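# Residue-level structure breakdown
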Amino acid sequence: TCFLGCAVDGHPTPNITWLYSGEPLSLQHQLLASGRILQILNVSDFTDGEFSCLAQNEAGSLTQVVSLVIQEYQWSVDKLTACSASCGHRGLQLPQLRCLLDGAEVNISYCGETPKPSLQPIACNRRDCPSRWMVTSWSPCTRSCGGGIQTRRVTCQRLTAKGSSVPMSNEACAQVSKRPVDTQNCNRQPCVEWAASSWGQCNGPCIGPRLAVQHRQIFCQTKDGTSVPSDQCSSLPRPLSTQNCWTDVCGVHWRVSLWTICTATCGNYGFQSRRVDCVHIRTNKPVMEHHCSWRPRPANWQRCNITPCENGILLRGGKVEWYRNRKEGRVISQDHSTGLR
């Protein structure tokens, strides 16, 4: 959309007529402000030319000329990127997109509404490459420490314009550059290991099994026994410097005797007991019971023979009577000459 103004005024109000290249307007437009403003709805319908407004009233007429110059943002692909290879089969160049206005480069965003031209890569430097040394990756080191050797393969080759690699003599590459080495030393750091002193004395009260501790010194040394800083052994698993141990105080357990004979053969009041002592495992001598407190103390008594007693018969006054002894596990005697025991 474009707006053109006609700066005329008069009394009475003049009639305004717009012309394009001397001819009445035929393309889409609108007149605003009593014809003083011409709105061109689609600028692309016009080419560069002159617009004129003719103002007429009883006093006369006046013509004003306005020039319209149409400038469009355009894509340009006249520049190319650098070739991706100096020789061989894979050299490519890509056209560089630029946004131009009247031949001058502007920000690429101004061409955002203009369709981009298709870009096709262009082959470049498609010629045979000079002979050059080709090397493989280094092999694993023969030793992890103390000085090892690793090797690689070195060959002289030439990459052709068709993309194939052709073996060449070593002399052909030697004229271009020095031959790379195919052997090198590796892992030259000295071999080290963790070493430990003897375990120290086992210290600590026996609160539970294996809760006493003992310590030892851990240090890093070479294979021949020379001490080195500990960080040189940092990649190796470090031995423990502290561990739980078993003290003589912990060598105890609960000792129980056999159960005594039950105080009753039946009923609800029979019980039996046994002796429970805390004794040393090695000497089997009793010690203070608190040394065994980290293990549950076994029971020293329990109920026994709680099954109902058998039925019995008594003869009272020449009569036979049944009875059941539910309270005591013993025979009830009767002071009667004919009673049954």
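All of the points below concern the structure found in this document.

Conventions and cut-offs
Residues numbered from 1 in each chain as written. Predicted model: local features only at pLDDT ≥ 70, side-chain atom pairs only at ≥ 80, totals over all residues. Heavy atoms only, no water. Helix = DSSP H or I, 4+ residues; strand = E, 2+ residues; numbered from the N terminus. Buried < 20%, exposed > 50% of the residue type's maximum accessible area, 1.4 Å probe, protein only. Contact = heavy atoms within 4.5 Å. Areas by Shrake-Rupley, 256 points an atom, 1.4 Å probe, with all protein chains shown as cover. Polar contact = N/O pair within 3.5 Å; in protein donor to acceptor, adjacent residues only side chain to side chain. Disulfide = S-S within 2.5 Å.

As a further point, take the overall build of the protein chain. The helix and strand tally for the protein chain stands at one helix and 27 strands. Evaluated residue by residue, the protein chain yields a buried proportion of 25% over its 341 residues. Restricting the contact set of the protein chain to residue pairs at least 6 apart, pairs at least 24 apart contribute 58%. Summed over its atoms, the accessible surface of the protein chain is roughly 23,700 Å², and 52% of this surface lies on carbon and sulfur atoms.

A few words on the side chain of R98. Looking at the secondary structure, you find R98 in strand 10 (residues 95-101). For R98, the side chain forms a polar contact with the side chain of E105, separated by 3.3 Å. Those residues in contact with R98 that sit more than four places away from it in its chain are Q74, W75, S76, D78, K79 and E105.

Per the stated rule, a full pass over the model turns up 11 disulfides. Paired by a disulfide, C262 and C304 hold their sulfur atoms 1.8 Å apart. Handedness here is read from the sign of the S-S torsion; for C262 and C304, about 90°, the answer is right-handed. Pair noted here: C262 is in the loop between strand 22 (252-256) and strand 23 (271-273) and C304 is in the loop between strand 25 (301-303) and strand 26 (311-316), with a separation of 42 residues, a long-range link. Overall, the relative accessible area of 16% leaves C262 in the buried class. Between C266 and C309 runs a disulfide, and the two sulfur atoms are separated by 1.8 Å. Note on the C266 and C309 pair: the S-S dihedral is about 95°, so by sign convention the disulfide is right-handed. Residue C266 is located in the loop between strand 22 and strand 23, and its partner C309 is located in the loop between strand 25 and strand 26; the two are separated by 43 residues in the primary sequence. Residue C309 is classed as buried on the basis of its relative accessible area, which comes to 7%.

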